[in-house]
Amino acid sequence: MKTKNSVFIATSIDGYISDKNGKIDWLNTIPNPSNDDMGYNEFMIGIDALVMGRKTFETVCSFDVDWPYEKPVFVLSNSLQEVEEELKDKVFLIHGSLKEVLHQIRKKGFKNLYIDGGATIQSFLKEDLIDEFVITTIPILLGGGTSLFSELPKKMEYELVNTKQYLNAISQNRFRRKRIN
Ligand SMILES: NC(=O)c1ccc[n+]([C@@H]2O[C@H](COP(=O)([O-])OP(=O)(O)OC[C@H]3O[C@@H](n4cnc5c(N)ncnc54)[C@H](OP(=O)(O)O)[C@@H]3O)[C@@H](O)[C@H]2O)c1
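Residues numbered from 1 in each chain as written. Predicted model: local features only at pLDDT ≥ 70, side-chain atom pairs only at ≥ 80, totals over all residues. Heavy atoms only, no water.

Trainee: What should I look at first to understand the packing of aromatic side chains in this one?
Mentor: Taken as a whole and assessed by the stated rule, the structure comprises nine aromatic pairs. Measuring from ring centre to ring centre gives 6.0 Å for phenylalanine 57 and tryptophan 67, while their planes differ by 70°; the resulting arrangement is edge-to-face. Taken as a pair, phenylalanine 57 in helix 2 (residues 54-62) and tryptophan 67 in the loop between helix 2 and strand 4 (73-76) lie far apart in primary sequence, 10 residues in all. Exposure remark for tryptophan 67: the relative accessible area of 19% places this residue in the buried category. The interplanar angle of 65° and the centroid separation of 5.6 Å between the aromatic rings of phenylalanine 133 and phenylalanine 149 together place this pair among those described as edge-to-face. Placement of the pair is phenylalanine 133 in strand 7 (residues 132-138) and phenylalanine 149 in the loop between strand 8 (146-147) and strand 9 (158-166), with a sequence separation of 16 residues. Using a relative accessible area of 4% as the deciding quantity, one classes phenylalanine 133 as buried. One aromatic cluster is present, formed by Phe8, Tyr40, Phe43 and Tyr114 through successive ring pairs. A cation sits over an aromatic face here: arginine 177 above tyrosine 158, 5.7 Å from the ring centre. (Phe/Tyr/Trp six-rings, centres within 6.5 Å; stacked < 30°, edge-to-face > 60°. Helix = DSSP H or I, 4+ residues; strand = E, 2+ residues; numbered from the N terminus. Buried < 20%, exposed > 50% of the residue type's maximum accessible area, 1.4 Å probe, protein only. Lys NZ or Arg CZ within 6 Å of the ring centre and 35° of its normal.)

Structural data, given as structure tokens:
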């Protein structure tokens, strides 16, 4: 079964995904009057399910909007016991080693996964489990916050698939992991 783990995320120039106060309002620094989704909907078409860290899940839950995902969301957590009733057919708590977690999710037939959350992406990277990155860079320096990346046990090469520009201000790079088969 061909599988893919992808990241679609926005960062500051200095590589943060949330600021020193844990906020992400800086993502809207550039006016976007036409609500350009910057490739998000197209990306989501290719996704079977999401794997999200507990902190990102809580951030999404704090938004004053309806549940935004049509695909199943697997939330990594060792602390959450259950999700609220109205999310029970959409959100599934999961824990264990990433190998076990991925085995359980793949067993259900979900091949293409969207991996979200800083610590979560970092733990996938430590095991060389990220096949694709779509990184949207917002032209701002935050000077601190939650980093997208952390130290890794080895070098990993990626190739640039494409670069797009949005709103004359935002760049987006798609990288694919170079693997020797
Ligand atoms: N800029 C963007 O596009 C973007 C996208 C996504 C998120 N964010 C922001 O990023 C922040 C959240 O990221 P984060 O790095 O703080 O946390 P995260 O990855 O969302 O969540 C970390 C939590 O996931 C759980 N977890 C369970 N198993 C894990 C494993 N193997 N590896 C890692 N985590 C595991 C743990 O929860 P327990 O403690 O329950 O065990 C851990 O505390 C939020 O502020 C969010 O708004 C920004």
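Trainee: Is there a simple way to explain the site of the ligand in this structure?
Mentor: Of all residues adjacent to the ligand, which total 23 residues, the nearest are Thr56, Ser77, Asn78, Ser79 and Ala119. Here lysine 55 contributes a backbone N or O atom positioned 3.2 Å from an oxygen atom of the ligand. Note that an oxygen atom of the ligand is positioned 3.3 Å from one of the backbone N or O atoms of glycine 118. Out of a free accessible area of 930 Å², the ligand has 83% covered by protein chains. Judged by the fraction of its atoms near the pocket grid, the ligand is located in the largest pocket. Every element with two or more residues in the shell around the ligand is listed here: strand 1 (4-12), strand 2 (16-18), helix 2 and helix 4 (118-126). In the shell around the ligand, the residues fall into seven nonpolar, 13 polar and three charged. (Near = heavy atom within 4 Å. Polar contact = N/O pair within 3.5 Å; in protein donor to acceptor, adjacent residues only side chain to side chain. Areas by Shrake-Rupley, 256 points an atom, 1.4 Å probe, with all protein chains shown as cover. 1 Å grid on protein atoms, 1.4 Å probe; cavity = no way out; pocket = protein on both sides within 12 Å on 5 of 7 lines; lining within 4 Å. Sits in = over half its atoms within 2 Å of the grid points. Nonpolar A, V, L, I, M, F, W, Y, C, P; charged D, E, K, R; others polar.)

That is the geometry; function is a separate question.
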